[in-house]
Amino acid sequence: MVQKASSIRTHAVRTHAGRTQPGRGARGVVGNVTRGTTNPNRMRRVDRWITGPHARRILSLPADPLAVDLGYGASPITALELFTRLRSLRPDMRLTGIEIEPARVAAAKPLEVPGLDFRLGGFELPVPGRPALVRAFNVLRQYEEADVAGIWGLVCSRLAPGGLFVEGTCDEIGRRAAWVALDADGPLTLSLAARFGAFGLPSDLAERLPKALIHRNVPGERIHGFLGALDAAWLAAAPLAPFGVRQRWVAMCRGVKDAGWPVHHGPGRWRLGELTVGWDAVAPGPPDRPAPRVMEAGAAAAGR
(Lines give C-alpha, C1' and ligand atoms only; values in the text may rest on other atoms or scores of the structure.)
Protein backbone atom coordinates (compact mmCIF):
# COMPACT_ATOMS: atom_id res chain seq x y z
CA MET A 1 0.00 0.00 0.00
CA VAL A 2 1.36 3.42 -0.94
CA GLN A 3 1.64 5.84 1.95
CA LYS A 4 1.16 9.54 1.62
CA ALA A 5 4.58 11.12 1.75
CA SER A 6 3.42 13.50 4.48
CA SER A 7 2.98 10.56 6.86
CA ILE A 8 6.74 10.35 7.24
CA ARG A 9 6.51 13.03 9.91
CA THR A 10 4.58 10.72 12.18
CA HIS A 11 7.61 8.38 12.22
CA ALA A 12 10.27 11.06 12.63
CA VAL A 13 13.04 10.57 15.16
CA ARG A 14 15.49 13.01 16.69
CA THR A 15 19.11 13.03 15.62
CA HIS A 16 22.02 13.97 17.87
CA ALA A 17 21.93 17.44 16.30
CA GLY A 18 18.30 17.91 17.26
CA ARG A 19 17.02 17.59 13.70
CA THR A 20 14.32 15.20 12.57
CA GLN A 21 14.90 12.17 10.40
CA PRO A 22 12.40 9.92 8.66
CA GLY A 23 11.57 6.82 10.67
CA ARG A 24 12.63 3.30 9.71
CA GLY A 25 10.11 0.70 8.72
CA ALA A 26 10.26 -2.98 9.53
CA ARG A 27 12.77 -3.56 6.75
CA GLY A 28 15.04 -0.77 7.97
CA VAL A 29 14.09 1.33 4.94
CA VAL A 30 13.89 5.08 5.55
CA GLY A 31 11.18 6.92 3.62
CA ASN A 32 7.79 6.45 2.02
CA VAL A 33 6.61 5.27 -1.38
CA THR A 34 5.96 8.25 -3.67
CA ARG A 35 4.42 8.61 -7.12
CA GLY A 36 7.49 7.57 -9.11
CA THR A 37 6.59 9.37 -12.32
CA THR A 38 9.50 9.94 -14.72
CA ASN A 39 10.35 10.40 -18.39
CA PRO A 40 13.38 9.77 -20.64
CA ASN A 41 15.96 12.57 -20.65
CA ARG A 42 14.13 14.41 -17.89
CA MET A 43 17.34 14.88 -15.87
CA ARG A 44 19.58 15.99 -18.72
CA ARG A 45 20.15 19.48 -17.30
CA VAL A 46 21.30 18.36 -13.88
CA ASP A 47 23.39 15.52 -15.38
CA ARG A 48 25.10 18.02 -17.68
CA TRP A 49 25.89 20.16 -14.64
CA ILE A 50 27.23 17.20 -12.63
CA THR A 51 29.56 16.18 -15.46
CA GLY A 52 30.45 19.81 -16.28
CA PRO A 53 31.37 22.04 -13.32
CA HIS A 54 31.97 18.97 -11.15
CA ALA A 55 33.97 16.99 -13.68
CA ARG A 56 37.21 17.71 -11.85
CA ARG A 57 35.68 16.44 -8.60
CA ILE A 58 34.59 13.22 -10.31
CA LEU A 59 37.90 12.71 -12.08
CA SER A 60 39.80 13.13 -8.80
CA LEU A 61 37.89 10.33 -7.04
CA PRO A 62 39.68 7.09 -6.11
CA ALA A 63 39.28 4.05 -8.34
CA ASP A 64 35.81 2.54 -8.90
CA PRO A 65 33.76 5.36 -7.35
CA LEU A 66 30.10 4.73 -6.60
CA ALA A 67 27.15 6.95 -7.56
CA VAL A 68 23.55 6.52 -6.39
CA ASP A 69 20.36 7.49 -8.18
CA LEU A 70 18.02 7.73 -5.20
CA GLY A 71 14.33 7.31 -5.96
CA TYR A 72 14.63 6.77 -9.72
CA GLY A 73 10.90 6.11 -10.03
CA ALA A 74 8.63 3.71 -11.87
CA SER A 75 11.08 3.46 -14.79
CA PRO A 76 14.87 3.11 -14.38
CA ILE A 77 15.55 5.13 -17.54
CA THR A 78 17.04 8.15 -15.75
CA ALA A 79 19.36 5.89 -13.75
CA LEU A 80 20.58 4.33 -17.00
CA GLU A 81 21.12 7.79 -18.48
CA LEU A 82 23.13 8.98 -15.46
CA PHE A 83 25.23 5.81 -15.59
CA THR A 84 26.01 6.38 -19.28
CA ARG A 85 26.87 10.05 -18.73
CA LEU A 86 29.12 9.34 -15.77
CA ARG A 87 30.84 6.48 -17.63
CA SER A 88 31.71 8.88 -20.46
CA LEU A 89 33.73 10.78 -17.85
CA ARG A 90 34.92 7.90 -15.66
CA PRO A 91 34.81 4.43 -17.30
CA ASP A 92 35.22 2.85 -13.85
CA MET A 93 32.22 4.66 -12.33
CA ARG A 94 29.64 2.39 -10.71
CA LEU A 95 26.00 3.30 -10.15
CA THR A 96 23.29 1.87 -7.90
CA GLY A 97 19.67 2.79 -8.43
CA ILE A 98 17.71 2.76 -5.18
CA GLU A 99 13.92 2.56 -4.95
CA ILE A 100 11.60 2.06 -1.99
CA GLU A 101 8.94 0.21 -3.99
CA PRO A 102 9.85 -3.50 -4.52
CA ALA A 103 8.02 -3.77 -7.85
CA ARG A 104 10.13 -0.95 -9.31
CA VAL A 105 13.33 -2.69 -8.27
CA ALA A 106 12.15 -5.99 -9.74
CA ALA A 107 11.32 -4.29 -13.05
CA ALA A 108 14.79 -2.75 -13.24
CA LYS A 109 16.79 -5.88 -12.33
CA PRO A 110 16.88 -7.29 -15.91
CA LEU A 111 18.69 -4.12 -17.01
CA GLU A 112 21.66 -4.64 -14.72
CA VAL A 113 25.10 -4.73 -16.33
CA PRO A 114 28.58 -4.70 -14.83
CA GLY A 115 28.84 -1.51 -12.82
CA LEU A 116 25.08 -0.92 -12.69
CA ASP A 117 22.68 -2.49 -10.20
CA PHE A 118 19.35 -1.76 -8.52
CA ARG A 119 18.42 -2.18 -4.86
CA LEU A 120 15.52 -1.79 -2.50
CA GLY A 121 15.99 1.04 -0.02
CA GLY A 122 15.53 4.65 0.93
CA PHE A 123 17.44 7.55 2.41
CA GLU A 124 19.61 5.22 4.48
CA LEU A 125 21.42 4.31 1.21
CA PRO A 126 21.83 0.52 1.52
CA VAL A 127 25.08 0.23 -0.44
CA PRO A 128 28.48 -1.09 0.60
CA GLY A 129 30.88 1.70 1.42
CA ARG A 130 30.18 5.39 0.90
CA PRO A 131 28.92 6.84 -2.40
CA ALA A 132 30.84 9.69 -4.00
CA LEU A 133 27.69 11.06 -5.66
CA VAL A 134 24.00 10.87 -4.79
CA ARG A 135 21.33 12.32 -7.07
CA ALA A 136 17.75 12.57 -5.75
CA PHE A 137 15.34 14.32 -8.12
CA ASN A 138 11.61 14.84 -7.68
CA VAL A 139 11.75 12.88 -4.43
CA LEU A 140 11.83 15.33 -1.51
CA ARG A 141 9.29 17.47 -3.33
CA GLN A 142 6.72 14.89 -2.20
CA TYR A 143 7.69 15.16 1.48
CA GLU A 144 7.15 18.03 3.89
CA GLU A 145 9.48 20.97 4.40
CA ALA A 146 10.04 19.94 8.02
CA ASP A 147 11.51 16.62 6.81
CA VAL A 148 14.15 18.15 4.55
CA ALA A 149 16.89 18.96 7.07
CA GLY A 150 16.82 15.46 8.55
CA ILE A 151 16.87 13.79 5.14
CA TRP A 152 19.71 16.03 3.95
CA GLY A 153 21.67 15.22 7.09
CA LEU A 154 21.11 11.48 6.77
CA VAL A 155 22.17 11.29 3.12
CA CYS A 156 25.17 13.59 3.59
CA SER A 157 26.36 11.50 6.55
CA ARG A 158 26.73 8.56 4.12
CA LEU A 159 28.85 10.42 1.56
CA ALA A 160 32.44 9.50 0.86
CA PRO A 161 35.08 12.17 1.58
CA GLY A 162 34.66 14.84 -1.06
CA GLY A 163 31.27 13.40 -2.03
CA LEU A 164 28.36 15.38 -3.43
CA PHE A 165 24.59 15.15 -2.89
CA VAL A 166 22.46 16.79 -5.59
CA GLU A 167 18.79 17.21 -4.65
CA GLY A 168 16.19 18.99 -6.73
CA THR A 169 13.17 18.93 -8.96
CA CYS A 170 12.18 19.51 -12.57
CA ASP A 171 9.07 19.53 -14.71
CA GLU A 172 7.80 16.46 -16.50
CA ILE A 173 10.08 16.73 -19.54
CA GLY A 174 12.99 18.60 -17.98
CA ARG A 175 12.40 22.09 -19.41
CA ARG A 176 12.61 23.78 -16.01
CA ALA A 177 14.78 22.55 -13.15
CA ALA A 178 16.31 23.64 -9.86
CA TRP A 179 18.64 21.80 -7.50
CA VAL A 180 20.77 22.17 -4.38
CA ALA A 181 24.29 20.77 -4.16
CA LEU A 182 25.44 19.60 -0.72
CA ASP A 183 28.52 18.03 0.77
CA ALA A 184 29.19 16.60 4.23
CA ASP A 185 29.06 20.10 5.72
CA GLY A 186 25.67 21.01 4.22
CA PRO A 187 24.27 23.02 1.29
CA LEU A 188 26.72 24.69 -1.10
CA THR A 189 24.77 26.15 -4.02
CA LEU A 190 21.39 26.52 -5.69
CA SER A 191 21.21 26.05 -9.46
CA LEU A 192 18.43 27.07 -11.82
CA ALA A 193 18.24 25.74 -15.38
CA ALA A 194 15.69 26.19 -18.14
CA ARG A 195 15.10 25.60 -21.80
CA PHE A 196 15.17 28.94 -23.59
CA GLY A 197 11.62 29.85 -24.48
CA ALA A 198 10.12 27.79 -21.64
CA PHE A 199 9.57 30.80 -19.37
CA GLY A 200 8.37 34.39 -19.49
CA LEU A 201 10.32 35.63 -16.46
CA PRO A 202 13.14 33.83 -14.61
CA SER A 203 10.92 33.74 -11.52
CA ASP A 204 8.68 31.28 -13.39
CA LEU A 205 11.22 28.66 -12.28
CA ALA A 206 10.01 29.18 -8.70
CA GLU A 207 7.47 26.41 -9.22
CA ARG A 208 10.38 23.96 -9.48
CA LEU A 209 12.37 25.11 -6.46
CA PRO A 210 13.53 22.31 -4.13
CA LYS A 211 11.32 21.59 -1.13
CA ALA A 212 13.57 23.56 1.20
CA LEU A 213 12.79 26.76 -0.74
CA ILE A 214 9.53 26.40 -2.62
CA HIS A 215 7.42 27.66 0.28
CA ARG A 216 9.90 30.45 1.01
CA ASN A 217 9.28 32.49 -2.11
CA VAL A 218 7.55 35.26 -0.18
CA PRO A 219 8.62 38.83 0.70
CA GLY A 220 11.25 38.91 3.41
CA GLU A 221 12.94 35.67 2.34
CA ARG A 222 16.31 35.51 0.58
CA ILE A 223 15.07 33.38 -2.32
CA HIS A 224 12.30 35.89 -3.02
CA GLY A 225 14.86 38.68 -3.19
CA PHE A 226 17.08 36.67 -5.53
CA LEU A 227 14.28 35.80 -7.93
CA GLY A 228 13.22 39.44 -7.90
CA ALA A 229 16.77 40.44 -8.81
CA LEU A 230 16.75 37.95 -11.70
CA ASP A 231 13.49 39.37 -13.02
CA ALA A 232 14.84 42.92 -12.77
CA ALA A 233 18.02 41.97 -14.64
CA TRP A 234 15.98 40.08 -17.25
CA LEU A 235 13.77 43.10 -17.89
CA ALA A 236 16.80 45.39 -17.97
CA ALA A 237 18.27 43.20 -20.70
CA ALA A 238 15.16 43.48 -22.89
CA PRO A 239 17.04 45.49 -25.58
CA LEU A 240 19.03 42.31 -26.30
CA ALA A 241 15.90 40.30 -27.11
CA PRO A 242 16.33 40.72 -30.90
CA PHE A 243 19.64 38.84 -30.58
CA GLY A 244 17.95 35.85 -28.95
CA VAL A 245 16.95 34.57 -25.54
CA ARG A 246 20.43 33.15 -24.94
CA GLN A 247 22.09 36.58 -25.17
CA ARG A 248 19.47 38.06 -22.89
CA TRP A 249 19.98 35.28 -20.31
CA VAL A 250 23.75 35.79 -20.34
CA ALA A 251 23.26 39.52 -19.81
CA MET A 252 20.91 38.77 -16.91
CA CYS A 253 23.47 36.49 -15.28
CA ARG A 254 26.19 39.09 -15.73
CA GLY A 255 23.88 41.76 -14.31
CA VAL A 256 23.15 39.95 -11.05
CA LYS A 257 26.80 38.96 -10.66
CA ASP A 258 27.95 42.54 -11.21
CA ALA A 259 25.37 43.64 -8.65
CA GLY A 260 27.09 41.54 -6.00
CA TRP A 261 25.14 38.28 -5.95
CA PRO A 262 27.50 35.28 -5.45
CA VAL A 263 26.96 33.83 -8.92
CA HIS A 264 29.23 30.91 -9.83
CA HIS A 265 30.85 29.98 -13.14
CA GLY A 266 30.66 32.20 -16.21
CA PRO A 267 29.27 32.61 -19.73
CA GLY A 268 30.19 29.05 -20.71
CA ARG A 269 27.56 27.74 -18.30
CA TRP A 270 25.16 30.66 -18.62
CA ARG A 271 24.81 30.04 -22.36
CA LEU A 272 23.34 26.64 -21.48
CA GLY A 273 20.48 28.27 -19.60
CA GLU A 274 22.06 27.66 -16.18
CA LEU A 275 22.68 29.91 -13.22
CA THR A 276 24.29 28.79 -9.96
CA VAL A 277 24.40 30.96 -6.84
CA GLY A 278 25.93 30.46 -3.40
CA TRP A 279 23.53 28.90 -0.92
CA ASP A 280 23.97 31.61 1.72
CA ALA A 281 22.34 34.12 -0.63
CA VAL A 282 19.11 32.10 -0.95
CA ALA A 283 18.90 29.99 2.22
CA PRO A 284 15.63 30.14 4.17
CA GLY A 285 15.38 33.25 6.31
CA PRO A 286 15.57 37.03 5.96
CA PRO A 287 18.59 38.60 4.25
CA ASP A 288 21.48 39.52 6.52
CA ARG A 289 21.78 42.80 4.63
CA PRO A 290 19.85 44.56 1.85
CA ALA A 291 19.80 42.55 -1.35
CA PRO A 292 22.23 43.79 -4.03
CA ARG A 293 20.57 46.00 -6.60
CA VAL A 294 20.74 45.12 -10.25
CA MET A 295 22.33 47.52 -12.74
CA GLU A 296 20.20 49.89 -14.76
CA ALA A 297 18.72 48.89 -18.07
CA GLY A 298 21.29 50.68 -20.19
CA ALA A 299 24.24 48.93 -18.58
CA ALA A 300 22.60 45.51 -18.85
CA ALA A 301 21.75 46.06 -22.50
CA ALA A 302 25.34 46.93 -23.19
CA GLY A 303 26.31 43.45 -21.96
CA ARG A 304 29.07 44.70 -19.71
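Residues numbered from 1 in each chain as written. Predicted model: local features only at pLDDT ≥ 70, side-chain atom pairs only at ≥ 80, totals over all residues. Heavy atoms only, no water.

Engineer: Got a sec to walk through the overall build of the chain? Specific residues and values, please.
Structural biologist: In terms of helices and strands, the chain carries 10 helices and 10 strands. A total of 304 residues make up the chain; the buried ones form 53% of that total. At a minimum sequence separation of 6, the contacts of the chain that also span at least 24 residues come to 69%. Taken as a whole, the chain presents about 13000 Å² of accessible surface, with 55% of it coming from carbon and sulfur. (Helix = DSSP H or I, 4+ residues; strand = E, 2+ residues; numbered from the N terminus. Buried < 20%, exposed > 50% of the residue type's maximum accessible area, 1.4 Å probe, protein only. Contact = heavy atoms within 4.5 Å. Areas by Shrake-Rupley, 256 points an atom, 1.4 Å probe, with all protein chains shown as cover.)

Engineer: Please provide a residue-by-residue account of the side chain of Asp 69, values included.
Structural biologist: Note that Asp 69 resides in strand 3 (residues 66–70). Within the structure, Asp 69 has its side chain in polar contact with the side chain of Arg 135 (distance 2.8 Å). Excluding residues that lie within four positions of it along the chain, Asp 69 makes contacts with Thr 78, Ala 79, Leu 82, Leu 95, Thr 96, Gly 97, Ile 98 and Arg 135. (Polar contact = N/O pair within 3.5 Å; in protein donor to acceptor, adjacent residues only side chain to side chain.)

Engineer: Provide a residue-level description of helix 5 (residues 145–156), including the pertinent values.
Structural biologist: With 12 residues, helix 5 extends 17 Å between its outermost C-alpha atoms, agreeing within 8% with the 16 Å of an ideal straight helix rising 1.5 Å per residue. Burial of helix 5 is extensive: nine of the 12 residues sit out of reach of the surface. Burial in helix 5 covers these residues: Asp 147, Val 148, Gly 150, Ile 151, Trp 152, Gly 153, Leu 154, Val 155 and Cys 156. (Expected span 1.5 Å × (residues − 1).)

Engineer: Go over the sheet that holds strand 5 (residues 116–120) with me, naming the residues and quoting the values.
Structural biologist: Pairing within the open sheet is mixed, and its eight strands lie in the order 5-4-3-6-7-8-9-10. Taken across any chain shown, the strands that pair with only one partner, and hence form the sheet edges, are strand 5 and strand 10 (274–278). For this sheet, the mean angle separating the axes of adjacent strands, direction not counted, is 20 degrees. In the sheet, strand 9 (residues 186–194) pairs with strand 10 via five bridges, with the strands oriented antiparallel. Bridge pairing links Leu 192 to Leu 275 in strand 10. (Pairing = 2+ DSSP bridges. Axes fitted to C-alpha atoms, helices over the stretch in contact; angles between N-to-C directions.)

Engineer: Go over unusual backbone geometry, please, and point to the residues and values.
Structural biologist: The backbone of Asn 41 sits at a positive phi, close to 65 degrees, despite the residue not being glycine. One non-glycine residue, Leu 125, adopts positive backbone phi at about 55 degrees. If you trace the backbone, Leu 125 turns up in the loop between strand 5 and strand 6 (133–137).

Engineer: Can you break down the pairing of strand 3 residue by residue, with the values?
Structural biologist: When a strand is regular, its side chains alternate between the sheet's two faces. With five of five residues buried, strand 3 lies mostly within the body of the structure. Of the strand pairs in this sheet, strand 3 and strand 4 (residues 94–99) are connected by five bridges, and their pairing is parallel. Residue pairing in the sheet places Ala 67 in a bridge with Leu 95 of strand 4. Read as a crossover between parallel neighbours, the route from strand 3 over helix 3 (residues 77–87) to strand 4 is right-handed. With three bridges joining them, strand 3 and strand 6 adopt parallel strand pairing. Following the sheet pairing, Val 68 is matched in strand 6 by Val 134. (Right-handed = clockwise from strand over helix to strand, strands pointing away.)

Engineer: Could you give an account of the nonpolar core, naming the residues involved and the relevant values?
Structural biologist: If you look at soluble globular proteins, the nonpolar side chains tend to sit buried side by side. Counting 56 residues, the largest nonpolar core has Phe 123 and Leu 190 as the members making the most contacts within it. For this core, the element with the most residues is helix 7 (residues 222–236), which contributes seven residues. Of all hydrophobic cores here, the second largest spans 28 residues; its members include Met 43, Ile 58, Leu 116 and Val 166. (Core = buried A, V, L, I, M, F, W, Y, C linked by side-chain atoms within 4.5 Å.)

Engineer: I'd like to hear about the environment of Glu 99, residue by residue, with values.
Structural biologist: Note on placement: Glu 99 falls in strand 4. The buried category is assigned to Glu 99, whose relative accessible area is 4%. Each C-alpha atom of the pair Glu 99 and Arg 119 lies 6.5 Å from the other, and the pair is 20 residues apart in sequence. When near neighbours in sequence (up to four residues on either side) are disregarded, Glu 99 contacts Gly 71, Tyr 72, Gly 73, Arg 104, Val 105, Arg 119, Leu 120 and Gly 121.

Engineer: Would you mind going over the pattern of salt bridges in detail, with residue names and values included?
Structural biologist: Pairing is possible between side chains of opposite charge, provided their charged atoms come close. Taken as a whole and judged by the stated rule, the model has 17 salt bridges. Notably, a salt bridge pairs Asp 171 with Arg 175, separated by 3.2 Å at the nearest N-O pair. Exposure remark for Asp 171: the relative accessible area of 3% places this residue in the buried category. On the basis of relative accessible area, Arg 175 is assigned to the partly exposed category, the value being 36%. Arg 176 is the partner of Glu 207 in a salt bridge, and the nearest nitrogen-oxygen pair spans 3.0 Å. (Salt bridge = Lys/Arg side-chain N within 4 Å of Asp/Glu carboxyl O.)

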